[in-house]
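Letter by letter, the chains look like this.
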Amino acid sequence: MNEHQKQLIKEAMEKIPKEVRTAIEASDWERTIFNIGREHKLHIDDIDVLSIETILTMVGLEHPKNFPDNLQKNIHLTDEKLMDIVDEVNEKLFSKIRDALKKYYEDQSADN
């Protein structure tokens, strides 16, 4: 991850709801992504790409629907392997963030 990406992510983290930021920080996402990458026998550079694409999606700088295409463009996986990785990231990380976002917006609605 280059310095520009780190700065963008830092700024995005400051803008997202506290509950979502807490969910991201509690998810141990970096270790989770590393383990997913190792499990799928990705090269270390490809694990880095997976890591970058994952955090960009989690902080809202990339739309979740673009996640598979972004991975495919940068890692060049078979469709089956790509979908296995996307499914695992969805299950282990994105679902937790979705739950935090949903709760945040439900709480906001209740306050109004």
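Check the entry above for the structure.
Below, the structure is looked at part by part.

The rules behind these values
- Residues numbered from 1 in each chain as written.
- Predicted model: local features only at pLDDT ≥ 70, side-chain atom pairs only at ≥ 80, totals over all residues.
- Heavy atoms only, no water.
- Buried < 20%, exposed > 50% of the residue type's maximum accessible area, 1.4 Å probe, protein only.
- Helix = DSSP H or I, 4+ residues; strand = E, 2+ residues; numbered from the N terminus.
- Arc of directions from axis to C-beta.
- Salt bridge = Lys/Arg side-chain N within 4 Å of Asp/Glu carboxyl O.
- Axes fitted to C-alpha atoms, helices over the stretch in contact; angles between N-to-C directions.
- Parallel < 35°, antiparallel > 145°, perpendicular 65-115°, else oblique.
- Left-handed = near helix turned anticlockwise from the far one by under 90°.
- Contact = heavy atoms within 4.5 Å.
- Nonpolar A, V, L, I, M, F, W, Y, C, P; charged D, E, K, R; others polar.

### A closer look at helix H2 (residues 18-26)
Alright, step 1. The set of residues buried in H2 consists of Val20, Ala23 and Ile24. In an axial view of H2, the angular spread of the buried residues amounts to 100 degrees, which keeps them on one side of the axis. Relative to its buried face, H2 has exposed residues pointing more than 90 degrees away, namely Lys18, Glu25 and Ala26.
Alright, step 2. One or two residues past the end of H2 sits aspartate 28, with phi positive at roughly 55 degrees.

### Digging into the pattern of salt bridges
Alright, step 1. Applying the stated rule across the entire model yields three salt bridges.
Alright, step 2. Here aspartate 28 makes a salt bridge to arginine 31, at a shortest N to O gap of 3.0 Å.
Alright, step 3. Here aspartate 28 falls in the partly exposed class, since its relative accessible area comes to 39%.
Alright, step 4. Among the ionic pairs, glutamate 88 bridges to lysine 92, the shortest N-O distance being 2.8 Å. Taken together, the positions of glutamate 88 and lysine 92, both in helix H6 (residues 79-111) and four residues apart, correspond to about one turn of that helix.

### A short note on the packing of helix H4 (residues 44-58) against helix H5 (residues 67-75)
Alright, step 1. Taken N-terminus to C-terminus, the directions of H4 and H5 make an angle of 155 degrees; their axes are 10 Å apart at the nearest point. On the basis of the axis angle, H4 is roughly antiparallel to H5. The hand of the H4/H5 crossing is right-handed. Mapping the contact onto sequence places Asp46, Val49, Leu50, Glu53, Thr54 and Thr57 in H4 and Phe67, Asn70, Leu71, Asn74 and Ile75 in H5.
Alright, step 2. Partitioning the contact of H4 with H5 into residue classes produces five nonpolar, four polar and two charged.

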